[in-house]
Amino acid sequence: MCAKRSHEAVILCIDDDNEVLNLLKRILTGAGYSVVTAADGRQGLIEAQDRQPDLILLDVMMPEMDGYTVCSQLQENPETDYIPVVFLTALDDEVNRAKSFAVGAADHIAKPVRKDILLAKIKEQLKTTLRWRKLKKRIALRAETVPAPATFSQFKNALIELIAPAEEIRDLLTETKPLEIYNICEPMGIPQRQMTEWIADFLSLPMISKIDPERLLLGLIPVSFARKNQVVAILDEKFGRSFILCNPFDWSLTDDLKNLFGLKKDTVLFLATPEDIDAFFEQPEQESAMTVGARVRRPGEIKTEPLDKIFLVEDSDLQEEEADITREIDSAVIAFINRILVDAYTKRASDIHFDAGVRGKPYDVRFRIDGICQMAYSIPEKSKKAVVSRIKIIANLDISEHRKPQSGKFMVRIRDEKVEFRVEVTPTVDNNENIVLRILAKSKPVAIDLLGLSPYNHDAFKKMITKPQGVVLCVGPTGSGKTTTLHSALGHINKPEITIWTAEDPVEIRQAGLKQVQINTRIGFTFGEALRSFLRADPDVIMIGEMRDAETAKITLEASLTGHLVFSTLHTNSAAETITRIIDMGIPFYNFSSALLGIVAQRLTRRLCSECKKPYHPDPEEYENLIEYYNPIWAKKHGLPDYSPDLTLWKRQGCSRCEGQGYYGRIAIHEIIVASDAIKKAIRQNPDVEHLIEVALMEGMRTLRMDGVAKILEGITDFEQVSRVCL
């Protein structure tokens, strides 16, 4: 079939706003298309049935019958289910995009939109129309029975050998046809997920249970066809596109995907259970999760935008002076920034990096997730200034200042939770500005039992934090979980009979029963000033967020020597190095040895994803490297397992939950020096780091490396991640 010329294409526009319909008609007829209009959903359904248009442009918010209902009914009608529907709406958030896919839309265009973009989208979707019509003809001409692929018989034989079923089930399985493979699950007494896992293992295909809605290829396959055949198209980094299906033995389906929808020979397919694929088509809750400054309105509360906001001017008219940019930031930029904030929070990011790069290049947006930066978005060069200005405005920064660094913050509400964003704007070359947003979500203290402490470290930590006086230090680089660990300690000892004061910058974790103070260096309220105030306020326990200077360190030790239990943090590489660092700050070693209760050094390393990690047997060389990394002498003393055929380690694989990374979340690895008599004696002798480590090991300490290797052997993480964070 040859492609239609534009003047032959018929486009149905459905919108309750006559001005919008007139504007759409003027633009589309000017581009050579034939246009049919409908002022409401019911009229639109009638016109679609009678006119059989090539494409439908559909508004969402309409009285009586909204766009989602119209689209759903179009998909239920065999006369209209293969007509692509494009939503043209101001409801541009994750929930509404997901709902558009669920009801069968081929695309989702957010208002405001430029005329050239609209026409380009229409041209693209008319190609979709041709593909869908070809698909409909193929289905009509398809034979009722399709020969079973040879691999299906091989799979059934392998399955019979694996499970050794009863004779009745064996006969039933032998007679089963490719399209009936899941029908046998109930007679076999197994869930469909088990059958999918067997198929995935047999064909060496990855199995997936959840998928990021951002990866869905909206509108590539007709939703009526996708639902019936239980297949979903997704973005794939290597091949451009891939597909999730539940039955790879359906040759008719895979043939359609190859001939019409770009399935390449070497493309890796993903498997999912039938119920998991069906869940992709479920409509999400209507309430949007996206809120910045105030809650996003429900659909019934959305105000109709003025006509001049629906279509923007051409690119040539967007070349504004810098002074005008902040006044011309449109709703698309605001919505885009909102989307980034919510997306970062949803994906558990700790930081958002806006990397300006060099002149003429896109503005890359990266999320730091589990300690690793990952690409998230790419912003066109022409939108850089608008994005920077928008962030400066909400952070209450000077939008006219481009030469000096600026720091600020703002608070947003996401899913009914207040989330604070710390903003740092730094000028870079070519008059660019880099922006980093630190996400400070209000979190709750973690119980000590959930910190990932080894048995020795768990007992040692509990003993030192329950002493009546002294200093407990938690050390490590920025972002290593020091604050979380100290708040776990405070939560453990937090009782009505104890008065606890904390000085923090910022206050990330709030606990009832604690008197928490926010440091403000701009007005001279430092950690030292807070500590002096605490000592006059009858405290039992004090936490100082960070010992940043010699003065704070001196006051901290004095407080511990006068009957207070003091917690604090320091930026050092190991527990032993902390001792020499404190002494180098001018603190007398005899005072420090008397006050010290213990030092906790820690790092955060990525966890293997529990849903996709795989066991394997390491070769002898890998095992020897692991023992060498631990220390062979101490490995024997600590009772590490010898190499044997039963030795099992775990490795990453990648699934939808971890977005193909193989890691999900982080686990802490610890090194704890307990201030025993031997350690205090070593401190008073002003020793070097090596001697302190030797004494601490004799007293029972496990180094960071040792604790990391122990967690490798437990299957929690792998050597790649431990060696990345441990020196």
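None of these values were measured; they are calculated from a predicted model.

Visitor: What exactly am I supposed to notice about the overall build of the protein here?
Guide: Scanning the protein for helices and strands turns up 28 helices and 25 strands. Contacts in the protein between residues at least 24 apart in sequence constitute 67% of all its contacts with a sequence separation of at least 6. Split by element, the accessible area of the protein, about 35000 Å² in all, is 49% carbon and sulfur.

Visitor: Help me understand the side chain of Gln511, please; the structure alone is not making it clear to me.
Guide: In this fold, Gln511 is placed in the loop between strand S18 (500-504) and strand S19 (514-518). In this view, Gln511 contacts Pro445, His487, Leu490, Gly491, Asn494 and Gln516; residues no more than four positions away in its chain are not counted.

Visitor: Even after reading the chapter, I still don't get helix H23 (residues 620-630), so can you show me in this structure?
Guide: The α-helix advances 3.6 residues per turn, and as a result positions three or four apart in sequence lie on the same side. Listed in full, the buried residues belonging to H23 are Tyr623, Leu626, Ile627, Tyr629 and Tyr630. All buried residues of H23 fall inside an arc of 160° around its axis, so they share one side. Exposed positions of H23 whose direction lies more than 90 degrees from the buried face are Glu621 and Glu628. For H23, the elements touching its buried residues are helix H24 (632-637), strand S24 (649-651), helix H27 (704-713) and helix H28 (719-725). Among the residues trailing H23, Asn631 stands out with phi positive, at a value near 115°.

Visitor: Help me out: how do you make sense of the packing of helix H1 (residues 18-30) against helix H5 (residues 115-141) in this one?
Guide: Any two packed helices are characterised by the angle at which their axes cross and by the distance between the axes. Taken N-terminus to C-terminus, the directions of H1 and H5 make an angle of 65°; their axes are 11 Å apart at the nearest point. Overall, the two elements H1 and H5 adopt an arrangement that is roughly perpendicular. Remark: the crossing between H1 and H5 carries right-handed chirality. Two secondary-structure elements touch here, H1 through Leu24, Ile27 and Leu28 and H5 through Lys115, Leu118, Leu119 and Ile122. Class assignment of the residues belonging to the contact of H1 with H5 gives a composition of 6 nonpolar, no polar and 1 charged.

Visitor: Is there a simple way to think about the sheet that holds strand S11 (residues 349-355) in this case?
Guide: Pairing between sheet strands relies on hydrogen bonds along the backbone, with the strands arranged either parallel or antiparallel. One open sheet holds the 6 strands; their spatial order is S13-S12-S11-S16-S15-S14, and the pairing between them is antiparallel. With partners counted over all chains shown, the strands left at the sheet margins are strand S13 (372-379) and strand S14 (406-414), one partner each. Recorded for the sheet is a direction-independent mean angle of 20° between the axes of neighbouring strands. Where strand S12 (residues 363-369) and S13 come together, 7 bridges link them in antiparallel fashion. Considered in S13, the bridge of Tyr363 is made with Ile379. Running at roughly 45° to strand S16 (residues 432-441), helix H16 (residues 384-394) makes contact with S11, S12, S13, S14, strand S15 (417-428) and S16 of the sheet.

Visitor: Just to check I follow, could you spell out the environment of Lys382 for this structure?
Guide: Within the secondary structure layout, Lys382 lies in the loop between S13 and H16. As a C-alpha pair, Lys382 and Tyr363 span 19 residues in sequence and 9.3 Å in three-dimensional space.

Visitor: In this structure, what is going on with the packing of aromatic side chains? I would like to understand it.
Guide: We describe a pair of aromatic rings using the distance from one ring centre to the other and the angle between the two ring planes. All chains considered together, the criterion is met by 12 aromatic pairs. Judged by centre distance (5.1 Å) and plane angle (65°), the ring pair of Phe152 and Phe249 falls under edge-to-face. Note that Phe152 is positioned in helix H6 (residues 150-163) and Phe249 in the loop between strand S7 (240-245) and helix H11 (251-260), a separation of 97 residues in sequence. The class for Phe152 is buried, based on a relative accessible area of 1%. The class of Phe249 is buried, set by a relative accessible area of 1%. With a centroid separation of 5.5 Å and an interplanar angle of 65°, the aromatic rings of Phe155 and Phe202 are classed as edge-to-face. With Phe155 in helix H6 and Phe202 in helix H9 (residues 192-203), the pair connects residues that are 47 residues apart, well separated along the chain.

Visitor: Looking at this structure, how should I read the confidence of the model for the protein?
Guide: The predicted coordinates ought not to be read in detail in places where the model reports low pLDDT. Summarising the model, the protein shows a mean pLDDT of 82, and 87% of its residues fall at 70 or more. Element-level pLDDT for the protein is lowest in strand S10 (residues 294-295), with a mean of 28, against a maximum mean of 95 in H27. Throughout residues 1-7 the model reports pLDDT below 50, and contacts reaching past four residues in sequence, or to other chains, amount to 10 contacts. Every residue in residues 285-330 is under pLDDT 50, and counting partners more than four places away or in other chains gives 85 contacts.

Visitor: In this structure, what is going on with the sheet that holds strand S22 (residues 596-608)? I would like to understand it.
Guide: If you trace the 7 strands from one edge of the open sheet to the other, you get S19-S18-S20-S21-S17-S22-S25, paired in mixed fashion. Looking along the sheet, the strands with just one partner apiece sit at the ends: S19 and strand S25 (663-674). Along the sheet, successive strands turn relative to each other by an average axial angle of 15°, direction set aside. Of the pairings in the sheet, the one linking S18 to S19 comprises 5 bridges and is parallel in character. Note that in S19 the partner of Glu504 across the bridge is Gln518. Taken strand by strand, helix H18 (residues 482-493) contacts strand S17 (470-475), S18, S19, strand S20 (541-544), strand S21 (565-570) and S22, and its axis lies near 170° from that of S21.

Visitor: Sorry if this is basic, but what is going on with H6 here?
Guide: Taking 1.5 Å of rise per residue, 14 residues should cover 20 Å, and H6 covers 20 Å from first to last C-alpha, within 8% of that figure. Of the residues flanking the end of H6, it is Ala164, one or two places downstream, whose phi is positive at about 45°.

Visitor: Help me understand the packing of H23 against H27, please; the structure alone is not making it clear to me.
Guide: Look at H23 against H27: their axes get within 8 Å of each other, and the N-to-C directions meet at 150°. Judged on the interaxial angle alone, H27 and H23 are roughly antiparallel. Residues Leu626, Tyr629 and Tyr630 of H23 touch H27, and the partners they reach there are Arg705, Met706, Val709, Ile712 and Leu713. Here the contact of H23 with H27 is composed, by residue class, of 7 nonpolar, no polar and 1 charged.

Visitor: I'm lost on a negative patch on the surface in this one. Help?
Guide: Taken together, Glu167, Glu168, Asp171 and Glu175 make up a surface patch of like negative charges. On the secondary structure map, Glu168 appears in helix H7 (residues 167-175).

Visitor: What am I meant to see in the state of the cysteines here?
Guide: Between two cysteines, a covalent bond joining their sulfur atoms is known as a disulfide. Taken as a whole and judged by the stated rule, the model has 0 disulfides. The structure places no disulfide on Cys655, whose sulfur is separated from the nearest cysteine sulfur, that of Cys612, by 3.7 Å. Residue class for Cys655 comes out buried when judged on its relative accessible area of 11%.

Visitor: Help me out: how do you make sense of unusual backbone geometry in this one?
Guide: It is generally the case that most residues other than glycine have a negative phi and that most peptide bonds are trans. For the bond running from Asp505 to Pro506, omega is 0°, close enough to zero to count as cis. Residue placement: Pro506 occurs in the loop between S18 and S19. Even without glycine at this site, Ser204 takes up a positive phi of about 55°. Along the chain, Ser204 turns up in the loop between H9 and helix H10 (223-229). What makes Ser204 exposed here is its relative accessible area of 63%. Residue Asp370 is not a glycine yet carries a positive backbone phi of 55°. Within the secondary structure layout, Asp370 lies in the loop between S12 and S13.

Visitor: What am I meant to see in the nonpolar core here?
Guide: Generally speaking, a soluble globular protein has its nonpolar side chains buried in company with each other. Grouped together as the largest cluster of nonpolar side chains are 60 residues, with contacts concentrated most on Leu473, Phe534, Ile582, Phe592 and Ile683. Excluding its chain neighbours within four sequence positions, the residues that come into contact with Phe592 are Leu473, Leu557, Ile579, Ile582, Ile587 and Ile683. Listed in part, the 51 residues of the second largest apolar core include Phe155, Ile169, Ile184 and Met188.

The rules behind each value
- Residues numbered from 1 in each chain as written.
- Predicted model: local features only at pLDDT ≥ 70, side-chain atom pairs only at ≥ 80, totals over all residues.
- Heavy atoms only, no water.
- Helix = DSSP H or I, 4+ residues; strand = E, 2+ residues; numbered from the N terminus.
- Contact = heavy atoms within 4.5 Å.
- Areas by Shrake-Rupley, 256 points an atom, 1.4 Å probe, with all protein chains shown as cover.
- Buried < 20%, exposed > 50% of the residue type's maximum accessible area, 1.4 Å probe, protein only.
- Arc of directions from axis to C-beta.
- Axes fitted to C-alpha atoms, helices over the stretch in contact; angles between N-to-C directions.
- Parallel < 35°, antiparallel > 145°, perpendicular 65-115°, else oblique.
- Left-handed = near helix turned anticlockwise from the far one by under 90°.
- Nonpolar A, V, L, I, M, F, W, Y, C, P; charged D, E, K, R; others polar.
- Pairing = 2+ DSSP bridges.
- Phe/Tyr/Trp six-rings, centres within 6.5 Å; stacked < 30°, edge-to-face > 60°.
- pLDDT = per-residue confidence, 0-100.
- Expected span 1.5 Å × (residues − 1).
- Patch = residues over 30% accessible without salt bridge, like charges linked within 9 Å, V, L, I, M, F, W, Y side chains within 5 Å.
- Salt bridge = Lys/Arg side-chain N within 4 Å of Asp/Glu carboxyl O.
- Lys, Arg positive; Asp, Glu negative; His and termini not counted.
- Charge placed at Lys NZ, Arg CZ, Asp CG, Glu CD.
- Disulfide = S-S within 2.5 Å.
- Core = buried A, V, L, I, M, F, W, Y, C linked by side-chain atoms within 4.5 Å.

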